[in-house]
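Breakdown of the fold
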Amino acid sequence: MNLTDILAQAGGIESMANQLGIPPAMAKQGADALLPAILGGFKKQAQAGGGGAAGLEGLGGLLGQLGGGGLLDSVLGSAPTPVEQGNDVLGQIFGSKDVSRTVAGQAAEQTGIDSGILKQMLPILAMMAAGYMAKQGGQGGESGGGLGGMLGNVLGGAMGGGAAPSAGGLGGLGKMLDMDGDGNPLDDIMGMVNKMRG
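Source: prediction; values computed, not measured. (Residues numbered from 1 in each chain as written. Predicted model: local features only at pLDDT ≥ 70, side-chain atom pairs only at ≥ 80, totals over all residues. Heavy atoms only, no water.)

1. Comments concerning the packing of helix H3 (residues 24-48) against helix H4 (residues 52-66)
One way to put it is that H3 packs onto H4 with a least axis distance of 7 Å and a crossing angle of 120°. Comparing their axes, H4 and H3 come out oblique. For the pair H3 and H4, the sense of crossing is right-handed. Two secondary-structure elements touch here, H3 through Phe42, Gln45 and Ala46 and H4 through Gly55, Leu56, Leu59, Leu62 and Leu63. A breakdown of the residues in the contact of H3 with H4 according to their chemical character gives 6 nonpolar, 2 polar and no charged. (Axes fitted to C-alpha atoms, helices over the stretch in contact; angles between N-to-C directions. Helix = DSSP H or I, 4+ residues; strand = E, 2+ residues; numbered from the N terminus. Parallel < 35°, antiparallel > 145°, perpendicular 65-115°, else oblique. Left-handed = near helix turned anticlockwise from the far one by under 90°. Contact = heavy atoms within 4.5 Å. Nonpolar A, V, L, I, M, F, W, Y, C, P; charged D, E, K, R; others polar.)

See below:
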């Protein structure tokens, strides 16, 4: 089961669709296209923290600072989602608005959904993913094992020092963006952004 299905079961996809005034099927298609890059961003954060348990602990701490499990609850609640929090999450994992724009542009090409809608989806999806990971990670005790297992499952492979996950676990966009085969589509998006700046 992929993260989109998990978030759909929790009611998050429907909640996002209602907020943006789009059909749930479109919200799910957009989520499928955007989540690999969002998860790639979290994976990068964990690797920047040293990979393995230390990196995951650092990522767990970061998720806590950004709002923890409450981020998912904010999306699922009846009040409008506080997207500023989602933009904070995106700022942490992507580092710049250029990356968000590129991610939305790539997803628009893949799905045919307007990139303006996808840009609105990004912060909400980032909040759901961060909140879900924080909730799962919280169940893993001090070692960050829950978060490690969770990220490993979601990203389809080992974290840190182990074998690189196959991009197959990331779905169509993951394969398309993971040109260097390391299992992290965000690396390639960053490469594209840097080329555009150059």
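2. Brief notes about helix H1 (residues 3-10)
Listed as buried for H1 are Leu3, Thr4, Ile6 and Leu7. Axial view of H1: buried residues confined to an arc of 160°, hence all on one face. The distance from a side-chain oxygen at the start of H1 to the backbone nitrogen of Thr4 is 3.1 Å, and the residue carrying that oxygen is Asn2. (Buried < 20%, exposed > 50% of the residue type's maximum accessible area, 1.4 Å probe, protein only. Arc of directions from axis to C-beta. Polar contact = N/O pair within 3.5 Å; in protein donor to acceptor, adjacent residues only side chain to side chain.)

3. A few points about the layout of surface pockets
Here the second largest pocket defines a volume of roughly 220 Å³. Every residue lining the second largest pocket is listed: Asn87, Leu90, Gly91, Phe94, Ser96, Lys97, Ser100, Arg101, Lys119, Leu122 and Pro123. Secondary structure elements with two or more residues in the lining of the second largest pocket: helix H6 (83-94), helix H7 (97-111) and helix H8 (115-138). For the lining of the second largest pocket, the element with the most residues is H6, which contributes 4 residues. (1 Å grid on protein atoms, 1.4 Å probe; cavity = no way out; pocket = protein on both sides within 12 Å on 5 of 7 lines; lining within 4 Å. Points joined across faces, edges and corners; volume = space filled by probe spheres on them.)

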